[in-house]
Structures are given as structure tokens and as C-alpha cells.
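Chain by chain, the residues:
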Amino acid sequence: MSELHKFLFDGLPVRGMIVRLTDSWTEILARRASNTATGAYPPPVAELLGEMTAAATLMQANIKFNGALNLQIFGDGPVKIAVAEVRHDLSLRATAKVMGMVAADAHLPDMVNVGNKGRCAITLDPKDKLPGQQAYQGVVPLFGDQGEKLERLSDVLQHYMLQSEQLDTTLVLAADDKVAAGLLIQRLPVKGEANLEGRSPSDRDQANEDQIGRNEDYNRISILASSLTRGELLTLDVDTILRRLFWEEKLLRFEPQTGHGGPHFACTCARERVAGMIRGLGQPEARSILAERGDVEVGCDFCGRQYRFDAVDVAQLFLAQGDQLPANPTIQ
């Protein structure tokens, strides 16, 4: 079962989280693989999308935003866009649009940043928008301060967090065909005493920026976190990871979030919604599609699940309320 673990380093201005997506991640891959129009994601695309989904879950849980957090990567490679969406209740879904061949050993620049014009966008879309309120979006390039292409998604997101929040952040991400996982370590923002001193928000922002790279406690813990290997993150349980990395630190751990209260797959598509769309086409159009194809097939653009309606299904949709198709006497 997918799980999210939060913890604090006692007495230190550092917090952390670990997410392990199992059933929720394999559901995303299974829906895509069962789509006869697209087939399964190439392994490098699946790995990127898994890392994005784990990262988006960590970011949503970190800011506790009442709405949807969308993490998007787009550019000029064969992967035109990849999206991971995590809502306030930690329900999640993800998708990628692939147009072209993806090499088996492809990395982030090969997939979305061939000409160094790729971008990463993080959008916060409020659940209950006020009139005229727009979603917030931050966009960063897929290259570093010297224009060098960034090879890893974690590098891109650490750069984003440093720019957007002025907070040191360490991310370790990994994904395969069974697990998508991530570890986040972050320096806590300046607050508390600073607020009592009457500092303005701009002063606190400056204080946060002044602390970048200078907090020895965070730097030590960041080095420990960065030693976690991809294989360890994918195969070890959370308790083992925390003991292996931080056995000399005193951790304050919160109750793990699992099941429906933790990360779980959810897509807004449903057979009933597709049925309503077919009714909206009208009976003549639906019959025309049946005559041409033999059935009406609609695929969810996000999760890839396909919904098929044969002639009997379509006829049932357009029956007057309360009517039923005659039963087939040969079928018991």
C-alpha cells in the first residue's frame, strides 16, 4: 500500500518526508499499458513519470495546499509533455504524451530538453476559487545557472525550491515498474522568534535567503540524505532507510499516511461520464460511429483508460427512462 512518512529532526531547523507509491503507481502504469492505442510507456518515460509523481506528492504534502498541485515537464524532445497531479487529499494521477522514439538509455535531456528549451512548471490550482482568482504557476528552465542541461529531475526541482521559497532542499527520487519513491529534506523557514521581533515578511524572506547553504545542521543531514542510492530507495522499507541514514539523529516521527488518507490513485474519468458524453453526441451520431467501427470507444486523455460501448450499450443509453432492452431468451 502506498505510504507517506513525515518527520522532524529534534532541535534542528530541518524536516523530512519519504513517500513510497506502490499500488497507486502500478495502477497508473496498468491503465496506460492496457490502452490499445498507445501501449505501455517506454521504461525511461515511466521512470521519469514515476519520479514526477513521487515528487509532486512530496511537494503537495509539504505545503498542504487546498487544491491540485500540477507538476509539468515539457520541451522539444519525443516526450512532448509529462504531468503529475496530486490533490489536497493526496489522490493522484499522471500522464505523458510521447511522440517519437525514446532510447532505452534516454535521460531527462534526451526526452524533453534536446535543444535546451525544456521547462518545468508547477501550478497550484485552488479547490474553491474566488471570483477572478487564477491558479499560481512557477516556471523554471531545465538548465542550471551556467546554461548546462540538468540530467536529473531532482536537480530541476531543488533549483525551483531554492528560487521560489529561498529554502535549501534535497530530493532523492527513483522509480521502476513497481515503486515510485522519494525522500525530501528541507531547511525550515525562519519564523518564531523573528516574528516576535516584528520583522516584516520581506525581512523574513531576506533572512531565509541569507541562510541558503549556511546552516551546518541542514548541510550535514543533506549529505547523509544524498548518500541514499536508487536501489535502496526502491527496495528498503522506510524504517530501514531512516535508521541507515540518520541513526545518530533524534527523529520526531508522525503517524504514517496510508490507504485513503495517504497517497492513492484517482482519476476523474468514469464510465457514467463517458455515457453522458455519448448522449450529448445524439443518437444519429452514435449510430454513425457504430456503423463505421462496430462500437463507440472513448479513451481518457489523462490516465489512458478506454471505455467501450457496443450496439446494445448505446441503445440502452438512448432508451426512454424506465424502458429496458428485451432480454435474450437464450442467455440465462
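A brief structural summary. (Residues numbered from 1 in each chain as written. Predicted model: local features only at pLDDT ≥ 70, side-chain atom pairs only at ≥ 80, totals over all residues. Heavy atoms only, no water.)

In this section: helix α4 (residues 153-165). Between its terminal C-alpha atoms α4 stretches 18 Å, which fits the 18 Å expected from 13 residues at 1.5 Å a residue. Those residues of α4 lying buried are Leu 153, Ser 154, Val 156, Leu 157, His 159, Tyr 160 and Met 161. Just beyond α4, the residue with positive phi is Gln 166, at close to 55 degrees. (Helix = DSSP H or I, 4+ residues; strand = E, 2+ residues; numbered from the N terminus. Expected span 1.5 Å × (residues − 1). Buried < 20%, exposed > 50% of the residue type's maximum accessible area, 1.4 Å probe, protein only.)

Let's shift gears to the packing of helix α2 (residues 43-63) against α4. Packing of α2 against α4 leaves a shortest axis separation of 11 Å and a crossing angle of 25 degrees. The angle between the axes of α2 and α4 places the two elements in the roughly parallel class. In this structure, α2 crosses over α4, and the sense of that crossing is right-handed. When α2 is examined against α4, the residues Leu 48, Glu 51, Met 52, Ala 55, Met 59, Asn 62 and Ile 63 are found in contact with a partner set consisting of Leu 153, Leu 157, Tyr 160, Met 161 and Glu 165. Counted by class, the contact of α2 with α4 contains 9 nonpolar, 1 polar and 2 charged residues. (Axes fitted to C-alpha atoms, helices over the stretch in contact; angles between N-to-C directions. Parallel < 35°, antiparallel > 145°, perpendicular 65-115°, else oblique. Left-handed = near helix turned anticlockwise from the far one by under 90°. Contact = heavy atoms within 4.5 Å. Nonpolar A, V, L, I, M, F, W, Y, C, P; charged D, E, K, R; others polar.)

Ranked by size, the top nonpolar core spans 71 residues in total, and within it Met 52, Leu 157 and Phe 309 carry the most contacts. Here the element with the most residues in this core is α2; it accounts for 11 residues. Leave out the neighbours within four places in its chain, and Phe 309 touches Arg 271, Val 274, Ala 275, Ile 278, Leu 290, Asp 295, Val 296, Val 314 and Leu 317. (Core = buried A, V, L, I, M, F, W, Y, C linked by side-chain atoms within 4.5 Å.)

This next bit is on unusual backbone geometry. With phi around 70 degrees, Leu 90 is a residue other than glycine that occupies positive phi space. Relative to the helices and strands, Leu 90 resides in the loop between β4 (79-86) and β5 (91-98). For Asn 116, which is not glycine, the phi dihedral falls at a positive 60 degrees. Looking at the element boundaries, Asn 116 is found in the loop between α3 (108-112) and β6 (119-126). For Asn 116, a relative accessible area of 22% puts it in the partly exposed group.

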